[in-house]
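Observations on the model geometry
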Amino acid sequence: MDTTSIQVSFKHKDSQLTSASLKPSQGAYLSSSFQSSAVMFPQELFDEIADWLFDDHPSLMALSCTSHCLRARSQALLFHELVLSPNTNSPSSYIPLLEMSPHILTYVRRLRIFAGDFSASSSPRKRLFVHQDNSLGRLIHAVPNVDAIELMQMLGLEAFTTIGSLLPIIASPTVCTLSLRTIFLPTPQSLFTLLSYFPSLSSLRLHNVHAMGMASPSLDAGNILLTEISISTGTISSPLGVSLFKSAASEWSSHLRSLIIESYSARDLFIISRVIPQLPNLVTLTFKRPMGDISHPDTQQRLEAEMPVFPFYNIRSLYLSLLGFDSSWTRWWLSRLTQAAAVSLEYLAIDLQYADAREMQDSVAAWTDAEMTLMQLPKLKSVNIRTVEAGRRKI
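Only a predicted model underlies this, so the values are computations on that prediction, with no experimental measurement involved.

1. Description of the overall build of the protein
When helices and strands are tallied, the protein shows 13 helices and 15 strands. Looking at the protein as a whole, 43% of its 395 residues qualify as buried. At a minimum sequence separation of 6, the contacts of the protein that also span at least 24 residues come to 75%.

Here it is, written out as structure tokens:
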């Protein structure tokens, strides 16, 4: 074959053959069914095919065995995440893969670790033993491209001992996102000690994370400069949450740009409303899954007294997940959005969940009026209201 051009033949209905000369750039070859010539397609085309099947593992496995053009991208999607847990996904279970195909683990970008239950009543089989052998160290060394780590289900007072043993092994300068889920820490300062092992950290996500002891007025956040924090109810009003927000206001006030509230109550909202004015560069705010009913007169009175105007300040993008147009939380947010305080708001996205399709249809007219009102905000460029029946996945 000519190194500068490819002769491609096409067979038409009248059985006549025509040919064309192509000068392709870098790409991949496929054999023609009509002639032994090869056709070159850009590698991006094959990558796009694999990307469309990102959550279809059987299809990705089939693609990875079909052609070298599809293998790398398919394997990258298949092994994007590595899960370690007691028994079923222990570090030693990955050693055969490491020895047979070491390149596979270079595709791993996210590491999820279930440490297990260390409470007195739990079985030792439910715990991930860090120093049982050197399998964990070998495995971590083989995944150099991890940029996100999630530590999950570290229960019991002895769990932090496991975290302390784990951190020197998983410490990495490339990790920029750290997620903690269902973890109990000895003190609020323990969180900042944990963060210090990841110098490039920019995003912190806390769900059901608690610390014993009282909140400290001064905590050492080291050189960590977070740009995004995600936090859920329970943690928000805990000593750990109070300490975290103090650091956000002092250490990270000039860097923090995104705040995500995964679930919240009226009490949590009061706390958040006092934090926002201390974060001058915060531009993106997300509120998901409101909890409780705020239609009670006592709750309404307190909301009006302590938060007559929500402090939107410099918020440009706001995302809300709400339950139906007629819910107490929806009415409250709409009343705050139409106030003059949201002067910087440019993008608004609302996900509405309904009990059934009829409830959704009954609220169409009401939402049309609400949308017209919201568009009166001075800088608002886009309003995106999506409806979804409760229990169904959003598309």
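2. Comments concerning the side chain of Asp268
Take Asp268: it is sitting in helix H9 (residues 266-275). Salt bridges are absent for the buried Asp268, whose nearest opposite-charge side chain, Arg267, sits at 5.9 Å. A polar contact of 2.6 Å, which involves the side chain of Asp268, links it to the side chain of Thr233. What Asp268 contacts, discounting residues up to four positions off in sequence, is Thr233, Gly234, Ile236, Ser237 and Ser263.

3. Notes on the packing of aromatic side chains
Within this structure, the stated rule accounts for 10 aromatic pairs. Each ring, one from Phe310 and one from Trp332, has its centre 6.3 Å from the other, and the planes form 90°; the classification is edge-to-face. With Phe310 in the loop between helix H10 (297-306) and strand E13 (317-323) and Trp332 in helix H11 (residues 328-337), this pair connects stretches of sequence that are 22 residues apart. Here the two residues Phe310 and Trp332 agree in accessibility, since each one is buried. Their ring planes at 80° and their centres at 6.2 Å tell us that Trp329 and Trp332 sit as a pair that is edge-to-face. Of this pair, Trp329 and Trp332 both sit in helix H11, 3 residues apart, roughly one helical turn. Classification of Trp329 by relative accessible area gives buried; the value is 3%. Given the relative accessible area of 3%, Trp332 is considered buried. What links up through ring pairs into an aromatic cluster is the set Tyr264, Phe287, Phe310, Phe312, Trp329, Trp332 and Trp333.

4. Observations concerning the pairing of strand E11 (residues 258-261)
Here E11 shows no split at all, with Ser258 and Ile260 on one side and Leu259 and Ile261 on the other all buried. Note that strand E10 (residues 228-231) and E11 share 4 bridges and pair parallel. Paired with Ile229 across the strands is Leu259, a residue of E11. In this region the chain leaves E10, passes through helix H8 (residues 239-250) and returns to the parallel neighbour E11; the handedness of that crossover is right-handed.

5. Here we look at unusual backbone geometry
Positive phi is not limited to glycine here, since Thr182 has a value of about 55°. Note on placement: Thr182 falls in strand E8 (residues 177-185). Despite not being glycine, Arg289 shows a phi value in the positive range, around 45°. Positionally, Arg289 belongs in the loop between strand E12 (284-287) and H10.

6. Quick word on the pattern of salt bridges
Using the criterion set out here, one finds 14 salt bridges in the structure. Linking Arg336 and Glu304 is a salt bridge whose minimum nitrogen-to-oxygen distance equals 3.2 Å. With a gap of 32 residues between them, Arg336 in helix H11 and Glu304 in helix H10 connect regions that are remote in the sequence. Here Asp351 makes a salt bridge to Arg386, at a shortest N to O gap of 2.8 Å. Placement of the pair is Asp351 in strand E14 (residues 347-354) and Arg386 in strand E15 (residues 382-389), with a sequence separation of 35 residues. Assessed through its relative accessible area of 2%, Asp351 is described here as buried. The partly exposed category is assigned to Arg386, whose relative accessible area is 36%. Connected via shared salt-bridge partners are Glu81, Arg110, Arg112, Glu150 and Arg181.

7. Overview of helix H7 (residues 188-195)
Among the 8 residues of H7, 6 are classified as buried, and the element is accordingly described as predominantly covered. Where H7 is concerned, the buried positions are Pro188, Ser190, Leu191, Phe192, Leu194 and Leu195.

8. A word on the nonpolar core
Note that soluble globular proteins tend to have their nonpolar side chains buried in a common cluster. Counting residues in each nonpolar core, the largest one holds 87 residues, and the members touching the most others are Leu191, Phe287, Phe310 and Trp333. Ranked by size, the runner-up nonpolar core spans 8 residues in total, among them Phe46, Cys69, Leu77 and Leu78.

9. Some words on the confidence of the model for the protein
Averaged over all residues, the pLDDT of the protein is 76; the fraction at 70 or higher stands at 74%. Note that residues 1-27 has pLDDT below 50 and, in this model, 42 contacts with residues that lie over four places away or in other chains. Below a pLDDT of 50 lies the segment residues 29-38, which in the model reaches 18 contacts outside its immediate sequence neighbourhood of four places, other chains included.

Conventions we followed
Residues numbered from 1 in each chain as written. Predicted model: local features only at pLDDT ≥ 70, side-chain atom pairs only at ≥ 80, totals over all residues. Heavy atoms only, no water. Helix = DSSP H or I, 4+ residues; strand = E, 2+ residues; numbered from the N terminus. Buried < 20%, exposed > 50% of the residue type's maximum accessible area, 1.4 Å probe, protein only. Contact = heavy atoms within 4.5 Å. Lys, Arg positive; Asp, Glu negative; His and termini not counted. Salt bridge = Lys/Arg side-chain N within 4 Å of Asp/Glu carboxyl O. Polar contact = N/O pair within 3.5 Å; in protein donor to acceptor, adjacent residues only side chain to side chain. Phe/Tyr/Trp six-rings, centres within 6.5 Å; stacked < 30°, edge-to-face > 60°. Pairing = 2+ DSSP bridges. Right-handed = clockwise from strand over helix to strand, strands pointing away. Core = buried A, V, L, I, M, F, W, Y, C linked by side-chain atoms within 4.5 Å. pLDDT = per-residue confidence, 0-100.

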